[in-house]
Amino acid sequence: MALDAGHTDPPTVLLVGGSPEPSAPSTVRRAAAGADAVVAIDRGYERVLAAGVACALFCGDGDSIGGAGAEAVRSAERAGSLEVVRYNPHKDDTDLGLALGEVARRWPAATVRATCLGGGHPDHLLGVVGRLAAYRPVGTRPPAAPAVEIVEDGCEGRVLHAGEAWDMVNAAGRRFSFIPLAPSAVVSEAGMRWELDHRRVPLLDDLGISNVIEADRARITCHEGVLACWLFA
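Thresholds applied
- Residues numbered from 1 in each chain as written.
- Predicted model: local features only at pLDDT ≥ 70, side-chain atom pairs only at ≥ 80, totals over all residues.
- Heavy atoms only, no water.
- Helix = DSSP H or I, 4+ residues; strand = E, 2+ residues; numbered from the N terminus.
- Buried < 20%, exposed > 50% of the residue type's maximum accessible area, 1.4 Å probe, protein only.
- Phe/Tyr/Trp six-rings, centres within 6.5 Å; stacked < 30°, edge-to-face > 60°.
- Lys NZ or Arg CZ within 6 Å of the ring centre and 35° of its normal.
- Arc of directions from axis to C-beta.
- Contact = heavy atoms within 4.5 Å.
- Salt bridge = Lys/Arg side-chain N within 4 Å of Asp/Glu carboxyl O.
- Pairing = 2+ DSSP bridges.
- Right-handed = clockwise from strand over helix to strand, strands pointing away.

**Student:** Describe unusual backbone geometry, and please don't skip the residues or the numbers.
**Tutor:** The phi dihedral of A144 falls on the positive side, at around 65°, and the residue is not glycine. Here A144 lies in the loop between α5 (122–134) and β6 (148–152). Classification of A144 as partly exposed rests on a relative accessible area of 33%. Positive phi is not limited to glycine here, since L204 has a value of about 60°. Mapped onto the elements, L204 comes out in the loop between β11 (196–202) and β12 (211–212).

Next up, the structure:
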């Protein structure tokens, strides 16, 4: 799973989750485009197989993957084409949390891209957003570049920390939302129907729900706190 010796930019690592409402294979392939490595989280390996995407690492306790998928994991492991990290089902963390730990150890400065994590149970979804918001890469990265990207059917997203921004190009007419994930966030929005200039927004406030992109180039900037943002198709 080592990167090429000439690779200097922070790598992008795709996490494919095991949501009971997975993204389509075409979405998984789109999410994998340009990724330096793909990590399957438990049942997420079935999504990787369905999409025909090469996978470097499997992380999971095996509680959600089906029999055929589990056998495919064992076969790839025996062939040496897949690294496998198995967890005890009786653990105090989620598979996503442990997989993010593996990413941090292997690719400390990586951008994390995630798919097949947003559907199904609402408690899992909130936990997923919380885990992704807690991910912080270590190392040199481009200024203001978000470290977490989300790709799902019908939307894409970012998690923004203080000093990070998301530029959206050629998205006029699309719906856009953000939710603060910190006790208080300071936000600016430009190129949208309702714009903000260093507006302080409290935790989980609905101010940022259902805006509309109106310019060829729009931007949301997080000046303080943490934001989850979504751009809908």
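**Student:** Describe the packing of aromatic side chains, with residues and values.
**Tutor:** Each aromatic ring pair is characterised by the separation of its centres together with the angle its planes make. Enumeration according to the criterion identifies 2 aromatic pairs in this entry. With centroids separated by 6.2 Å and ring planes inclined at 90°, the aromatic side chains of Y45 and F58 adopt a geometry described as edge-to-face. Placement of the pair is Y45 in helix α2 (residues 44–51) and F58 in strand β3 (residues 57–60), with a sequence separation of 13 residues. Assessed through its relative accessible area of 4%, F58 is described here as buried. Its end group placed over the ring of F232, R175 keeps NZ or CZ at 3.9 Å from the ring centre.

**Student:** Can you tell me about α2, naming the residues and giving the values?
**Tutor:** Regarding α2, the residues found buried are G44, Y45, R47, V48 and A51. Viewed end-on, α2 has its buried residues packed into an arc of 155°, placing them on one side of the element. At its buried positions, α2 is contacted by β1 (12–16), α1 (25–32), β2 (37–41), β3 and α3 (67–79). Immediately downstream of α2, the backbone of G52 shows phi near 70°, a positive value.

**Student:** Tell me about the pattern of salt bridges, residues and numbers included.
**Tutor:** Taken as a whole and assessed by the stated rule, the structure comprises 13 salt bridges. Notably, a salt bridge pairs E156 with R158, separated by 3.9 Å at the nearest N-O pair. With a shortest N-O distance of 2.8 Å, E214 and R193 are connected by a salt bridge. You can see E214 sitting in the loop between β12 and β13 (217–224) and its partner R193 sitting in the loop between β10 (184–190) and β11, a full 21 residues away along the chain. Shared partners join several salt bridges into a network, and the residues in it are E83, E102, R105 and R106.

**Student:** How would you sum up the pairing of β6? Please name residues and give values.
**Tutor:** Along β6, 5 of the 5 residues are buried, which leaves the element largely enclosed by surrounding structure. Burial along β6 is two-sided: the residues V148, I150 and E152 and E149 and V151 are all buried. Relative to β6, strand β5 (residues 111–115) is paired through 3 bridges, and the arrangement is parallel. The partner of V112 across the bridge, within β6, is V148. Regarding the hand of the β-α-β motif, the stretch spanning β5, α5 and β6 is right-handed. One ladder, built from 5 bridges, connects β6 with strand β7 (residues 155–161); its direction is antiparallel. What sits directly across from E152, in β7, is C155.

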